[in-house]
Amino acid sequence: MASGGLVLPGGGDQENQGGTTDGTTGAVSLAQAGVKLDIGPELDWGAEAWAEVRTRARRAGRAYVWLNLVEQRLRAVVGAVLRPIYEPVHGEEWVVAAAGPAGHEWVQRAAAVREVSRRKGYLLDPADDNVLSFLTLPQLRELVVQHWPCFEPYLDERRELELVLDELEVARHVVNRNRALSETVLAQAERAAARLIDMLGGDAWAGSGRRLPVDAVEEIVGDRFADVVGVYPDRVRLLRKMPAEDLFSGARRLDATGIGLNVLVQNFSGRRLVRLAETGCRVRLLFLNPASSAVRRRERELGLGRGEISRSVEMNIMHMRRVRARLRDPDAFEIRVFDETPRFTAYLVDGDGADGVAVVQSYLRRARGMESPVLVLRGGSRKLVQEEGGEPLERHGEHGLFEIYREEFEGVWGDSRPVS
């Protein structure tokens, strides 16, 4: 059998094939059924190629999550604003009427895709059985622009909205066609998507706000990692990503425990601490007793001379006492010491609320605090598991790491001694 210059074996014995096994140009010999052929070296991928494609997939996946959130939010806003205007007159065809003559072509194409999806059973959710669900981000943008007077009471700046959508269009084009997405474009798309969701009334979605904004991917896979939202190999990388100013500023409550609390004492000035306390922040600082035997054991572990750590801790405590002395209400700024073996350093910011953030480091035998791995935890209950009906399900009785470290702090605080 020949087609387009390709000769296919007809099956059966060798005589029926005419003995044409001499590799005639244009002939393709197909593998026999059940015979597995090894992929040749010209088709194989090495480790570098696999690493590259996985990097591309991870970046595209992050961008897709953001774009999906933006598109769904914009679709909901368009429906909420335009449906009450057009549906009473045009019924189910209200999207077609809203698009008008200028959008007739693309809205009809969306309607055709909807019908095909209906016939092939691709519509898994009845809520998606409408033309609006099949409009793309650029088409939703056209509806907003055409009907801007309708959206103006809800959206402040039309120009800013269009600029943000322009930034997203680059990432959307790349992701739709499975092309390589650079780290720079991905970061730009994430910032633009977060900004657009905020413009479209996403304040409730923003979670912990400016201190530790909820990441789109965290919202989807966060339940796999308890309440851990950041891991850094050492404190230097943490402070590059989350400076002490960003971590502590505006806090309502600050609880900290550790050996010397250098992240706070050495990276957040005394003047700022005074200002923070005067604005109503309740501060509780828990240092390792510089006169305890645990300090000497820690010095031996790190190979330091006798008294090096104890002198450093004493200086930090004295500095915090000077800060406390400048306050109108010293009782709101408590300093204590403990004599137990130090197990971790923890900074709990607004730990009594749903927007709490914690920075935690475990002590390693041969590594100083600056060199130890860091976990960033988010406080508050997580509602990421869905019930069968689609409603968020809060898993009562299950606590994340944030709650564990908060309870540990309270336990050590209860056994500690105040510093006068």
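Residues numbered from 1 in each chain as written. Predicted model: local features only at pLDDT ≥ 70, side-chain atom pairs only at ≥ 80, totals over all residues. Heavy atoms only, no water.

Some words on the sheet that holds strand S6 (residues 333-338)
One open sheet accounts for eight strands, arranged S3-S9-S8-S7-S4-S5-S6-S12; its pairing is mixed. Across the chains shown, the open sheet's two edge strands, defined by having one partner strand only, are strand S3 (228-232) and strand S12 (417-418). Inspection of the sheet shows strand S4 (residues 253-258) paired to strand S7 (residues 344-349) by four bridges, in the antiparallel sense. Bridging across to S7, Leu254 finds its partner in Val349. On top of the sheet, helix H14 (residues 308-325) reaches strand S5 (282-288) and S6; it is set at about 160° to S6, its chief contact. Relative to the sheet, helix H15 (residues 401-414) contacts S3, S4, S5, S6, S7, strand S8 (357-362) and strand S9 (374-378), its axis offset from that of S5 by approximately 75°. (Pairing = 2+ DSSP bridges. Helix = DSSP H or I, 4+ residues; strand = E, 2+ residues; numbered from the N terminus. Contact = heavy atoms within 4.5 Å. Axes fitted to C-alpha atoms, helices over the stretch in contact; angles between N-to-C directions.)

Overview of the pattern of salt bridges
The full count for this structure, using the stated rule, is 28 salt bridges. As a salt-bridge pair, Arg284 and Asp255 come within 3.0 Å of each other at their nearest N and O atoms. You can see Arg284 sitting in strand S5 and its partner Asp255 sitting in strand S4, a full 29 residues away along the chain. Grouping residues by exposure puts Arg284 and Asp255 together as buried. Three or more residues are tied together by salt bridges with common partners; here these are Arg114, Glu115, Arg118 and Asp129. (Salt bridge = Lys/Arg side-chain N within 4 Å of Asp/Glu carboxyl O. Buried < 20%, exposed > 50% of the residue type's maximum accessible area, 1.4 Å probe, protein only.)

Comments concerning empty space enclosed by the protein
All chains considered together, the criterion is met by one cavity of 30 Å³ or more. Here the largest cavity is characterised by a volume of approximately 90 Å³. Around the largest cavity, the lining residues are Thr257, Phe338, Glu340, Thr341, Pro342, Arg343, Phe344, Glu408 and Val412. Among the residues forming the lining of the largest cavity, the class breakdown is four nonpolar, two polar and three charged. (1 Å grid on protein atoms, 1.4 Å probe; cavity = no way out; pocket = protein on both sides within 12 Å on 5 of 7 lines; lining within 4 Å. Points joined across faces, edges and corners; volume = space filled by probe spheres on them. Nonpolar A, V, L, I, M, F, W, Y, C, P; charged D, E, K, R; others polar.)

Overview of the side chain of Asp255
Note on Asp255: relative accessible area 3%, which makes it buried. Within polar-contact distance, the side chain of Asp255 engages the side chain of Arg284 at 3.0 Å. Apart from the residues lying within four places of it in its own chain, the contact partners of Asp255 are Arg284, Ala346, Tyr347, Leu348, Phe409 and Glu410. (Polar contact = N/O pair within 3.5 Å; in protein donor to acceptor, adjacent residues only side chain to side chain.)

Purely spatial values, then, with no claim about function.
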